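Summary of structural features
Chain by chain, the residues:
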Amino acid sequence: MDQCEATVLGSSPAVHDALTRRPKSFTRLVTNLQRLASANKQIGLCLNVMPVNLHHIFEIVRQFQHDHQIPVRSVMIQRIIPSGRASNGCRKFMLDVADVAILMAQLHQIAAQFDLPILFEDPLPWCVVDPQYHQYLGRCEWGFTKGSINAEGLLTRCAADDHYRLGSIWDGNLQEIWQTHPLLQAFRAKRYLPEECQQCALLDQCGGGCALSCGTLHELSPDALYLQAQTRRNT
(Lines give C-alpha, C1' and ligand atoms only; values in the text may rest on other atoms or scores of the structure.)
Protein backbone atom coordinates (compact mmCIF):
# COMPACT_ATOMS: atom_id res chain seq x y z
CA MET A 1 0.00 0.00 0.00
CA ASP A 2 1.46 3.34 -1.07
CA GLN A 3 -1.31 5.70 0.00
CA CYS A 4 -4.63 5.92 1.81
CA GLU A 5 -7.62 8.23 2.18
CA ALA A 6 -8.94 8.91 5.68
CA THR A 7 -12.35 10.39 6.46
CA VAL A 8 -12.36 13.07 9.16
CA LEU A 9 -15.70 14.37 10.43
CA GLY A 10 -14.66 17.02 12.96
CA SER A 11 -11.81 19.08 14.33
CA SER A 12 -12.22 17.58 17.80
CA PRO A 13 -12.68 14.07 19.20
CA ALA A 14 -16.08 15.11 20.56
CA VAL A 15 -17.50 16.03 17.13
CA HIS A 16 -15.88 13.18 15.21
CA ASP A 17 -16.81 10.51 17.77
CA ALA A 18 -20.39 11.76 18.02
CA LEU A 19 -20.85 11.42 14.26
CA THR A 20 -19.16 8.02 13.99
CA ARG A 21 -20.92 6.85 17.18
CA ARG A 22 -17.66 5.15 18.11
CA PRO A 23 -15.90 6.36 21.29
CA LYS A 24 -12.22 7.18 20.77
CA SER A 25 -12.52 6.74 17.00
CA PHE A 26 -10.81 10.12 16.43
CA THR A 27 -7.86 9.16 18.64
CA ARG A 28 -7.48 5.80 16.89
CA LEU A 29 -7.65 7.49 13.50
CA VAL A 30 -4.89 9.96 14.36
CA THR A 31 -2.69 7.20 15.81
CA ASN A 32 -3.11 4.99 12.74
CA LEU A 33 -2.38 7.85 10.35
CA GLN A 34 0.74 8.76 12.30
CA ARG A 35 1.91 5.15 11.96
CA LEU A 36 1.31 5.25 8.21
CA ALA A 37 3.09 8.58 7.92
CA SER A 38 6.10 7.20 9.79
CA ALA A 39 6.23 4.45 7.15
CA ASN A 40 6.29 7.10 4.38
CA LYS A 41 2.79 6.37 3.13
CA GLN A 42 0.90 9.18 1.41
CA ILE A 43 -2.23 10.34 3.21
CA GLY A 44 -5.23 12.19 1.84
CA LEU A 45 -7.95 13.70 4.00
CA CYS A 46 -11.57 13.12 3.03
CA LEU A 47 -13.78 15.72 4.67
CA ASN A 48 -17.51 15.06 4.81
CA VAL A 49 -18.70 18.66 4.96
CA MET A 50 -21.84 19.22 7.03
CA PRO A 51 -23.33 22.16 8.95
CA VAL A 52 -21.82 20.79 12.17
CA ASN A 53 -18.25 21.05 10.85
CA LEU A 54 -18.64 23.63 8.07
CA HIS A 55 -16.74 26.37 9.90
CA HIS A 56 -13.87 24.06 10.89
CA ILE A 57 -12.65 22.70 7.53
CA PHE A 58 -9.46 24.78 7.51
CA GLU A 59 -8.85 23.97 11.18
CA ILE A 60 -9.12 20.22 10.53
CA VAL A 61 -6.41 20.38 7.88
CA ARG A 62 -4.23 22.66 10.01
CA GLN A 63 -4.48 20.29 12.98
CA PHE A 64 -3.52 17.21 10.99
CA GLN A 65 -0.64 19.00 9.28
CA HIS A 66 0.83 20.69 12.36
CA ASP A 67 -0.64 19.47 15.66
CA HIS A 68 -0.70 15.78 14.69
CA GLN A 69 2.34 15.98 12.38
CA ILE A 70 0.65 14.07 9.57
CA PRO A 71 1.84 15.16 6.11
CA VAL A 72 -1.36 15.53 4.10
CA ARG A 73 -1.02 15.14 0.31
CA SER A 74 -4.55 16.21 -0.72
CA VAL A 75 -7.94 17.30 0.58
CA MET A 76 -11.07 15.66 -0.82
CA ILE A 77 -14.49 17.19 -0.19
CA GLN A 78 -17.52 14.94 0.11
CA ARG A 79 -21.16 15.92 0.52
CA ILE A 80 -23.78 13.84 2.30
CA ILE A 81 -25.96 12.29 -0.39
CA PRO A 82 -29.41 10.91 0.62
CA SER A 83 -28.87 7.28 -0.40
CA GLY A 84 -28.46 3.93 1.31
CA ARG A 85 -28.22 4.30 5.09
CA ALA A 86 -28.37 8.09 4.65
CA SER A 87 -31.78 8.03 2.94
CA ASN A 88 -33.77 8.92 6.05
CA GLY A 89 -33.18 11.90 8.30
CA CYS A 90 -30.03 13.10 6.55
CA ARG A 91 -31.23 16.59 5.59
CA LYS A 92 -29.62 18.11 8.67
CA PHE A 93 -26.25 16.91 7.36
CA MET A 94 -26.62 18.43 3.88
CA LEU A 95 -25.18 21.73 2.69
CA ASP A 96 -27.27 24.77 1.79
CA VAL A 97 -26.45 27.29 -0.93
CA ALA A 98 -25.41 29.80 1.73
CA ASP A 99 -22.87 27.27 3.07
CA VAL A 100 -20.98 27.10 -0.22
CA ALA A 101 -19.26 30.48 0.17
CA ILE A 102 -18.11 29.55 3.69
CA LEU A 103 -16.68 26.25 2.42
CA MET A 104 -14.94 27.70 -0.62
CA ALA A 105 -13.23 30.50 1.31
CA GLN A 106 -11.67 27.88 3.59
CA LEU A 107 -10.58 25.70 0.68
CA HIS A 108 -8.92 28.70 -0.90
CA GLN A 109 -7.07 29.30 2.38
CA ILE A 110 -6.01 25.64 2.54
CA ALA A 111 -4.67 25.70 -1.02
CA ALA A 112 -2.82 28.97 -0.43
CA GLN A 113 -1.32 28.15 2.97
CA PHE A 114 -0.57 24.45 2.60
CA ASP A 115 -0.22 24.16 -1.20
CA LEU A 116 -2.56 21.15 -1.27
CA PRO A 117 -4.71 20.01 -4.19
CA ILE A 118 -8.46 20.30 -3.59
CA LEU A 119 -10.64 17.48 -4.92
CA PHE A 120 -14.42 17.19 -5.00
CA GLU A 121 -15.83 13.66 -4.82
CA ASP A 122 -19.36 15.11 -4.96
CA PRO A 123 -19.01 18.18 -7.21
CA LEU A 124 -20.82 21.49 -6.84
CA PRO A 125 -22.69 23.25 -9.65
CA TRP A 126 -20.35 26.00 -10.79
CA CYS A 127 -23.16 28.56 -10.89
CA VAL A 128 -23.52 28.48 -7.07
CA VAL A 129 -19.79 29.15 -6.56
CA ASP A 130 -18.02 32.51 -6.82
CA PRO A 131 -15.97 32.43 -10.08
CA GLN A 132 -12.75 33.16 -8.16
CA TYR A 133 -13.04 29.63 -6.71
CA HIS A 134 -13.80 27.80 -9.98
CA GLN A 135 -10.14 26.76 -10.10
CA TYR A 136 -10.88 24.20 -7.38
CA LEU A 137 -13.94 22.68 -9.04
CA GLY A 138 -14.51 19.92 -11.58
CA ARG A 139 -17.28 17.77 -12.95
CA CYS A 140 -18.55 14.46 -11.59
CA GLU A 141 -16.36 11.69 -13.00
CA TRP A 142 -18.67 8.86 -11.91
CA GLY A 143 -20.01 7.42 -15.16
CA PHE A 144 -17.16 8.93 -17.19
CA THR A 145 -13.85 7.71 -15.80
CA LYS A 146 -15.12 5.92 -12.66
CA GLY A 147 -17.72 3.29 -11.87
CA SER A 148 -18.66 1.20 -8.85
CA ILE A 149 -18.72 -2.58 -8.47
CA ASN A 150 -20.14 -4.28 -5.39
CA ALA A 151 -18.93 -7.50 -3.75
CA GLU A 152 -21.09 -9.59 -6.10
CA GLY A 153 -19.64 -8.02 -9.23
CA LEU A 154 -22.67 -5.85 -10.02
CA LEU A 155 -21.96 -2.54 -11.69
CA THR A 156 -23.50 0.89 -11.10
CA ARG A 157 -22.58 4.33 -12.37
CA CYS A 158 -21.86 5.83 -8.94
CA ALA A 159 -20.70 4.53 -5.56
CA ALA A 160 -23.46 6.58 -3.88
CA ASP A 161 -26.09 4.70 -5.91
CA ASP A 162 -26.94 1.45 -4.17
CA HIS A 163 -29.18 0.30 -7.05
CA TYR A 164 -26.88 -1.88 -9.18
CA ARG A 165 -28.58 -1.70 -12.53
CA LEU A 166 -25.96 -1.73 -15.29
CA GLY A 167 -25.07 -5.41 -15.34
CA SER A 168 -22.40 -7.72 -13.98
CA ILE A 169 -18.68 -8.03 -14.58
CA TRP A 170 -19.30 -11.77 -14.92
CA ASP A 171 -21.35 -11.26 -18.09
CA GLY A 172 -18.14 -10.81 -20.07
CA ASN A 173 -19.24 -7.58 -21.74
CA LEU A 174 -18.15 -4.92 -19.28
CA GLN A 175 -16.62 -2.75 -22.00
CA GLU A 176 -19.83 -2.85 -24.03
CA ILE A 177 -21.93 -1.96 -20.98
CA TRP A 178 -19.68 1.00 -20.17
CA GLN A 179 -19.84 2.34 -23.70
CA THR A 180 -23.48 1.73 -24.64
CA HIS A 181 -25.73 1.35 -21.58
CA PRO A 182 -28.72 3.76 -21.83
CA LEU A 183 -28.34 4.99 -18.23
CA LEU A 184 -24.72 5.95 -18.83
CA GLN A 185 -25.53 7.56 -22.16
CA ALA A 186 -28.30 9.61 -20.52
CA PHE A 187 -25.96 10.75 -17.75
CA ARG A 188 -23.22 11.74 -20.18
CA ALA A 189 -25.64 13.58 -22.47
CA LYS A 190 -26.94 15.66 -19.51
CA ARG A 191 -30.43 15.88 -21.01
CA TYR A 192 -31.91 15.60 -17.52
CA LEU A 193 -30.54 19.05 -16.70
CA PRO A 194 -32.66 22.20 -17.17
CA GLU A 195 -32.31 24.25 -20.35
CA GLU A 196 -30.28 26.88 -18.51
CA CYS A 197 -27.59 24.30 -17.77
CA GLN A 198 -27.63 22.73 -21.22
CA GLN A 199 -26.99 26.11 -22.83
CA CYS A 200 -24.28 27.12 -20.34
CA ALA A 201 -20.77 27.57 -21.75
CA LEU A 202 -19.35 25.89 -18.64
CA LEU A 203 -21.42 22.70 -18.85
CA ASP A 204 -18.57 20.46 -20.00
CA GLN A 205 -16.39 21.59 -17.09
CA CYS A 206 -19.19 21.73 -14.51
CA GLY A 207 -21.28 18.70 -15.45
CA GLY A 208 -24.22 20.08 -13.47
CA GLY A 209 -23.00 19.03 -10.03
CA CYS A 210 -24.22 15.82 -8.39
CA ALA A 211 -27.06 13.99 -10.15
CA LEU A 212 -27.95 12.07 -6.97
CA SER A 213 -27.97 14.98 -4.49
CA CYS A 214 -31.78 15.14 -4.41
CA GLY A 215 -32.07 11.50 -3.40
CA THR A 216 -33.81 10.46 -6.63
CA LEU A 217 -31.79 7.30 -7.15
CA HIS A 218 -34.10 5.80 -9.75
CA GLU A 219 -33.63 8.78 -12.07
CA LEU A 220 -31.11 11.53 -12.64
CA SER A 221 -31.93 15.01 -11.39
CA PRO A 222 -30.41 18.52 -11.21
CA ASP A 223 -28.20 19.19 -8.22
CA ALA A 224 -30.04 20.08 -5.02
CA LEU A 225 -27.90 23.21 -4.63
CA TYR A 226 -28.85 24.40 -8.12
CA LEU A 227 -32.53 23.94 -7.30
CA GLN A 228 -32.12 25.87 -4.03
CA ALA A 229 -30.41 28.73 -5.84
CA GLN A 230 -33.11 28.77 -8.52
CA THR A 231 -35.85 28.91 -5.88
CA ARG A 232 -34.15 31.83 -4.18
CA ARG A 233 -33.84 33.69 -7.48
CA ASN A 234 -37.55 33.24 -8.13
CA THR A 235 -38.75 34.41 -4.69
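The paragraphs below set out a description of the structure included in this document. (Residues numbered from 1 in each chain as written. Predicted model: local features only at pLDDT ≥ 70, side-chain atom pairs only at ≥ 80, totals over all residues. Heavy atoms only, no water.)

Next up on the list: the sheet that holds strand β4 (residues 118-120). Spatial strand order, β1-β2-β3-β4: four strands in an open sheet with parallel pairing. Of all the strands in the sheet, the pair left with one neighbour each is β1 (3-8) and β4. Within the sheet, the average angular offset between the axes of one strand and its neighbour, ignoring direction, is 25°. Across three bridges, the pairing between strand β3 (residues 72-79) and β4 is parallel. In the strand pairing of β4, Met76 is matched with Leu119. Lying over the sheet, helix α2 (residues 25-38) contacts β1 and β2 (42-49), oriented at roughly 160° with respect to β1. (Pairing = 2+ DSSP bridges. Helix = DSSP H or I, 4+ residues; strand = E, 2+ residues; numbered from the N terminus. Axes fitted to C-alpha atoms, helices over the stretch in contact; angles between N-to-C directions. Contact = heavy atoms within 4.5 Å.)

The description of two packed helices rests on the angle between their axes and on the distance between the axes. It is the contact of helix α3 (residues 57-67) with helix α4 (residues 97-114), at a shortest axis distance of 8 Å, that shows an interaxial angle of 25°. Put simply, α3 runs roughly parallel to α4. Contact residues: α3 offers Ile57, Phe58, Val61, Arg62, Gln65 and His66, while α4 offers Leu103, Gln106, Leu107, Gln109, Ile110, Gln113 and Phe114. (Parallel < 35°, antiparallel > 145°, perpendicular 65-115°, else oblique.)

Enumeration according to the criterion identifies nine salt bridges in this entry. Here Arg73 ties to Glu5 by a salt bridge, and the two come within 2.5 Å at their closest N and O atoms. Residue Arg73 is located in strand β3, and its partner Glu5 is located in strand β1; the two are separated by 68 residues in the primary sequence. Judged by its relative accessible area of 25%, Arg73 is partly exposed. A salt bridge links Glu121 to Lys146; the nearest nitrogen and oxygen atoms lie 3.3 Å apart. Residue Glu121 is located in the loop between β4 and β5 (148-149), and its partner Lys146 is located in the loop between β4 and β5; the two are separated by 25 residues in the primary sequence. (Salt bridge = Lys/Arg side-chain N within 4 Å of Asp/Glu carboxyl O. Buried < 20%, exposed > 50% of the residue type's maximum accessible area, 1.4 Å probe, protein only.)

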